[in-house]
Amino acid sequence: MKRYALFSGAYNLMMGGVKDFKQSYHTEKEAFEVATQIAKNDIFASWVQIFDKKTDTAKIYSVVDGKLKERKEKTCPAGFFESTQPQAC
């Protein structure tokens, strides 16, 4: 199983989902290299997410001037977004 799933989209991350899935990779480095290429070449991309299937966490990047900029907020478990309970991530 490929551990790291790459998602990328043009607008709000929460509005995307499976349609924003690009591909899965064995290593985070492979996923990050492809994410870097997306940032350089896709003028409509505004965010990239690398999701680790094993730990259920994701790193989220904004695309700024053709480069990836990691968002400052702490990396959240994916299940955080599905909860109805208020939580601090």
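Heads up: these notes are all about the structure in this document. Quantities reported herein were computed from a predicted structural model and do not represent experimental measurements.

## So, the overall build of the protein
Consideration 1: Summing up its helical and strand segments, the protein has 1 helix and 5 strands in all.
Consideration 2: Helices (α) and strands (β) of the protein occur, in sequence order from the N terminus, as β-β-α-β-β-β.
Consideration 3: When the 89 residues of the protein are sorted by exposure, 30% land in the buried category.
Consideration 4: Put simply, of all contacts in the protein between residues at least 6 apart along the chain, 42% involve residues at least 24 apart.
Consideration 5: Of the accessible surface of the protein, which amounts to about 6100 Å², a share of 55% is contributed by carbon and sulfur atoms.

## Observations regarding the sheet that holds strand S5 (residues 67-70)
Consideration 1: The 5 strands lie next to each other as S2-S1-S3-S4-S5, forming an open sheet whose pairing is antiparallel. Looking at the sheet topology across the chains shown, the edges are occupied by strand S2 (21-25) and S5. Each neighbouring strand pair of the sheet contributes to a mean axis angle of 25°, computed without reference to strand direction.
Consideration 2: Strand contacts of helix H1 (residues 28-41): strand S1 (4-9), S2, strand S3 (47-52), strand S4 (57-64) and S5, with the helix running at about 15° to S1, the strand carrying the most contacts.

## What to know about the environment of Ala10
Consideration 1: Mapping Ala10 onto the fold places it in the loop between S1 and S2.
Consideration 2: Along the chain, Ala10 and Asp20 lie 10 residues apart, while their C-alpha atoms are 8.9 Å from each other.
Consideration 3: Excluding anything up to four places from it in sequence, Ala10 contacts Phe44, Ala45, Ser46 and Trp47.

## Things to note about unusual backbone geometry
Consideration 1: Here the phi dihedral of Asp56 falls at roughly 60°; this positive angle occurs in a residue that is not glycine.
Consideration 2: Mapped onto the elements, Asp56 comes out in the loop between S3 and S4.
Consideration 3: A positive phi angle, near 50°, is found at Asp65, a position not held by glycine.
Consideration 4: Mapped onto the elements of the fold, Asp65 is located in the loop between S4 and S5.
Consideration 5: Residue class for Asp65 comes out exposed when judged on its relative accessible area of 75%.

## Overview of the pattern of salt bridges
Consideration 1: Counted according to the given criterion, the structure contains 3 salt bridges.
Consideration 2: As a salt-bridge pair, Asp52 and Arg3 come within 2.7 Å of each other at their nearest N and O atoms. Pair noted here: Asp52 is in strand S3 and Arg3 is in the segment before S1, with a separation of 49 residues, a long-range link.
Consideration 3: Its relative accessible area of 8% is what places Asp52 among the buried residues.

Rules of the game
- Residues numbered from 1 in each chain as written.
- Predicted model: local features only at pLDDT ≥ 70, side-chain atom pairs only at ≥ 80, totals over all residues.
- Heavy atoms only, no water.
- Helix = DSSP H or I, 4+ residues; strand = E, 2+ residues; numbered from the N terminus.
- Buried < 20%, exposed > 50% of the residue type's maximum accessible area, 1.4 Å probe, protein only.
- Contact = heavy atoms within 4.5 Å.
- Areas by Shrake-Rupley, 256 points an atom, 1.4 Å probe, with all protein chains shown as cover.
- Pairing = 2+ DSSP bridges.
- Axes fitted to C-alpha atoms, helices over the stretch in contact; angles between N-to-C directions.
- Salt bridge = Lys/Arg side-chain N within 4 Å of Asp/Glu carboxyl O.

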